[in-house]
Amino acid sequence: MSNREEAKQLLRRYLIARIPFIVLQTIEVPRALGLLKEIAEELDQEQWLSRDSFFAHTLSKGVYALCTGQTVDEGAKSTLGAGDFFINRLQREDRRDQTLILTEIPDISDDNSEAQRMLDLVSLATEKYSTLVVLCHRPVWNTLQRHGLIVTLDMPDEEEMYRIIHDQLEGNRDAVDIEWDDGDMREAAATLAGVTKIEAENVLSALLAKGTVTKEDMAEVRNAKNRLFSNISGLEKITVDPTMKKVGGLKGLQAWLDEKKELLKPEKKELMRKLHLQPPRGILLVGVPGCGKSLSAKAIAASWELPLYRLDFATVQGSYVGQSEQQLKDALTTAENVSPCILWIDEIEKGLSGAGSSNDGGVSTRMVGQFLFWLQECRKAVFVVATANDVSMLPSELLRRGRFDELFFVDLPTEEEREDILGLYFQRYLQVDIHSNETFAGQLVELTDGFTGADLESAVRELAYRKVAEPDHELTKGEILSSFQNVVPLSQTSPEKINAIRNWGKERAVPASGRPIGEEKLPSHTGNLVRRVLVRKKED
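First, a word on scope: everything that follows refers to the structure included in this document.

Reading the values: the criteria
- Residues numbered from 1 in each chain as written.
- Predicted model: local features only at pLDDT ≥ 70, side-chain atom pairs only at ≥ 80, totals over all residues.
- Heavy atoms only, no water.
- Helix = DSSP H or I, 4+ residues; strand = E, 2+ residues; numbered from the N terminus.
- Buried < 20%, exposed > 50% of the residue type's maximum accessible area, 1.4 Å probe, protein only.
- Contact = heavy atoms within 4.5 Å.
- Lys, Arg positive; Asp, Glu negative; His and termini not counted.
- Charge placed at Lys NZ, Arg CZ, Asp CG, Glu CD.
- Pairing = 2+ DSSP bridges.
- Salt bridge = Lys/Arg side-chain N within 4 Å of Asp/Glu carboxyl O.
- Phe/Tyr/Trp six-rings, centres within 6.5 Å; stacked < 30°, edge-to-face > 60°.
- Lys NZ or Arg CZ within 6 Å of the ring centre and 35° of its normal.
- Patch = residues over 30% accessible without salt bridge, like charges linked within 9 Å, V, L, I, M, F, W, Y side chains within 5 Å.
- Areas by Shrake-Rupley, 256 points an atom, 1.4 Å probe, with all protein chains shown as cover.
- Axes fitted to C-alpha atoms, helices over the stretch in contact; angles between N-to-C directions.
- Core = buried A, V, L, I, M, F, W, Y, C linked by side-chain atoms within 4.5 Å.
- Disulfide = S-S within 2.5 Å.

## Quick look at the overall build of the chain
Regarding its fold elements, the chain presents 22 helices and 16 strands. C-alpha extents for the chain along the principal axes are approximately 100 × 65 × 50 Å. By residue count, 49% of the 540 residues in the chain fall in the buried class. Taking all contacts inside the chain whose residues are at least 6 apart in sequence as the whole, residues at least 24 apart take part in 79%. Distance from the positive charge centre (67 side chains) to the negative charge centre (85 side chains) of the chain: 2 Å.

Printed below as a string of structure tokens:
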């Protein structure tokens, strides 16, 4: 059952029971009024309540009959005037079983004059077996709330969004050439789930305005949702190169991700719902710095064709009590609203490293607990890719089985992976296939033993800069070798750190490469490399 149907059933019961005060938590006033009108019509047909006893108030129309839309008190523009209308109808006209819906209410979050006046209206409604319904998305004064009940109307889920899309497209098939079939509409519903009804209708109206809706327009649907959530507090939208679908090496991780990608298909998602299976939560990538952990997040987003958002714990931390926790909650709720998406948390250990200490008043500990609870209970298609370099700073709670779907260790690239990475970067930056000369390719692979993926990329990128600066110059083998020989890899500067990380990973993580962690020993380096500025000597 969708959230809308759940809300509808609760509202029906509360209205029939004449609960004097109902708070409908929502940010979508037109959708909520439409739902209440639908309920009023049904209750009238079933002879529970008369449709003529339902009234709504807006600042623009005043008080009007909910089912007919006819204004009954145009002068009651304010909430105060709407209250006077309700009092007059119940007290002076001695009517019962009346329902007034307020869409614009003042601050009633604490004990103030507005909340006291609302409480007085609720007391009168109790006497006259009537109901006051308020639409709001803010807290309600506890004393006032105890006189009634709360119903939450979340934004449309996939089931409701499918009906919205289906109704709008089917209603225009005679006038517009629409290529979408039922599967396309369900895919669009999965993409737009989490936006408001009016936002979804606007996206579809923009497509219909072209005069045709094609299969290729699905990309526009995804882009439209990205634009709706382009400025989100706590989340940063990351632009991803759609061609960046592969990371050199990491075959074990790639095979695992390819299997999970199948779960994105509409029929697989429907099957998971029937089996009460939660969507994949995500992965934690730990290991040697510069070996492709952050790059993997972008590659996953490109391969799965999902938007990528970056959560930075530093940006959600505030200076006031409770502010950090609230801002983290808002950011995670927004991630659910923009789902399906990839949520990237880079160097998560830095944001959660204070857990267990009292230096920050327990803020970090509470944020860890809040994040882990969300990670475990989230039912939306938010796939988390968290990365960590300093494993010693990771809270132990984060590593417990069931938090992330898997914990992968990203090690220094093996000989086979270095060849794969070099081929990828030479092709991307220089449009050169290094495998055309297997002997030279093997020489480069041997020379780069102990290099990280970042080391390999920086050396090739330096060659690309030179090629762009001098397009007529053909790079020589000597120049290429010199570029790599000028790199001081992390395995040379911090071998103890790498060995410590590897020892930690052997006991806790799955190798992302598919090969045993630390299988290849660190290369031994003799002497100290003197780095130099590499520039080509130009002829006079």
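Next, the rest of the story.
## Side note on the pairing of strand 2 (residues 54-58)
Within strand 2, 5 of the 5 residues are buried, which leaves it mostly tucked inside the rest of the structure. Side chains Phe-54, Ala-56 and Thr-58 of strand 2 all project onto a buried face; the interleaved residues Phe-55 and His-57 project onto the opposite face, where all are buried too. With 4 bridges connecting them, strand 2 and strand 3 (residues 62-65) associate as antiparallel partners. Note that in strand 3 the partner of Ala-56 across the bridge is Tyr-64. Counting the residues that bridge the hairpin from strand 2 to strand 3 gives 3 residues.

## Here's the deal with the pattern of salt bridges
According to the stated counting rule, one finds 37 salt bridges in the structure shown. As a salt-bridge pair, Glu-28 and Arg-31 come within 2.6 Å of each other at their nearest N and O atoms. The exposure class assigned to Glu-28 is buried, which follows from its relative accessible area of 6%. Look at Arg-31 and you get buried, because its relative accessible area is 8%. The closest approach of N and O atoms between Glu-259 and Lys-260, which form a salt bridge, is 3.2 Å.

## Here's the deal with the packing of aromatic side chains
Going through the model one piece at a time under the given rule, you end up with 7 aromatic pairs. On the numbers, 6.5 Å between centres and 20° between planes, the contact of Phe-426 with Phe-484 is stacked. Residue Phe-426 is located in helix 17 (residues 415-430), and its partner Phe-484 is located in helix 20 (residues 477-485); the two are separated by 58 residues in the primary sequence. With relative accessibility at 1%, the residue Phe-484 sits in the buried group. Three or more aromatic residues link up through ring pairs in this structure, and these residues are Trp-256, Trp-304, Phe-383 and Phe-408. The residue whose ring lies beneath Arg-186 is Tyr-162, and the NZ or CZ to ring-centre distance is 4.0 Å.

## Thoughts on a negative patch on the surface
There is a patch of like negative charges on the surface, built from Asp-107, Asp-110, Asp-111 and Glu-114. Tracing the sequence through the fold places Asp-107 in the loop between strand 5 (99-102) and helix 4 (113-127). What makes Asp-107 partly exposed here is its relative accessible area of 39%.

## Side note on the sheet that holds strand 6 (residues 131-136)
The strand order across the open sheet formed by 7 strands is 4-3-2-5-6-1-7, and the pairing between neighbours is mixed. Every interior strand has two partners, whereas the edge strands, strand 4 (71-73) and strand 7 (149-152), have only one. For this sheet, the mean inter-axis angle between neighbouring strands, taken without regard to orientation, is 25°.

## A short note on the nonpolar core
Membership of the largest hydrophobic core comes to 60 residues, with the highest contact counts inside it found for Ile-165, Trp-180, Leu-311, Phe-313, Leu-343, Ile-348 and Phe-371. The dominant element in this core, judged by the number of residues it contributes, is helix 16 (residues 363-377), at 7 residues. Those residues within four positions of Ile-348 in sequence are excluded, and the remaining contacts are Leu-284, Phe-313, Phe-371, Ala-386, Thr-387, Ala-388, Leu-394 and Leu-398.

## Here we look at the state of the cysteines
Inspection of every chain in the model, using the stated rule, returns 0 disulfides. Between Cys-378, a cysteine without a disulfide, and Cys-341, which holds the nearest cysteine sulfur, the sulfur-to-sulfur distance is 8.7 Å.

## A closer look at the pairing of strand 14 (residues 382-388)
Burial analysis of strand 14 places 7 of its 7 residues in the buried class, which makes it a mostly covered element. What you see with strand 14 is no split at all: Val-382, Val-384, Ala-386 and Ala-388 on one side and Phe-383, Val-385 and Thr-387 on the other are buried throughout. Summarising the sheet, strand 11 (residues 282-287) and strand 14 pair through 5 bridges and their orientation is parallel. Looking at strand 14, one finds that Ile-283 is bridged to Val-385.

## So, unusual backbone geometry
With an omega of 5°, the peptide bond between Ser-339 and Pro-340 qualifies as cis. As for its placement among the helices and strands, Pro-340 is situated in the loop between helix 14 (323-337) and strand 13 (341-345). Positive phi values are uncommon outside glycine, yet Asp-97 reaches one of about 55°. Its location among the elements puts Asp-97 in the loop between helix 3 (79-92) and strand 5. The backbone of Tyr-129 sits at a positive phi, close to 50°, despite the residue not being glycine. Tracing the backbone through its elements, the reader meets Tyr-129 in the loop between helix 4 and strand 6.

## Here's the deal with the sheet that holds strand 10 (residues 235-238)
Pairing between the strands of a sheet is mediated by backbone hydrogen bonds and can be parallel or antiparallel. Strand order across the open sheet formed by 7 strands is 10-12-13-14-11-15-16, with mixed pairing between neighbours. At either end of the open sheet lies a strand with only one pairing partner, and these are strand 10 and strand 16 (510-511). Seen against the sheet, helix 10 (residues 251-261) touches strand 11, strand 14 and strand 15 (406-410) and runs at an angle of roughly 175° to strand 11.

## A closer look at a nonpolar patch on the surface
Taken together, the side chains of Leu-271, Leu-275 and Leu-277 define a hydrophobic patch exposed on the protein surface, amounting to about 290 Å² of accessible area. The topology assignment puts Leu-275 in the loop between helix 11 (266-274) and strand 11. For Leu-275, a relative accessible area of 52% gives the class exposed.

## What about helix 9 (residues 218-228)?
Considered for burial, the residues of helix 9 that qualify are Met-218, Val-221, Ala-224, Lys-225 and Asn-226. Buried residues along helix 9 sit in contact with helix 7 (182-192), helix 8 (197-208), strand 10, strand 12 (308-311) and helix 14.

Function cannot be inferred from these measures alone, as they are strictly geometric.
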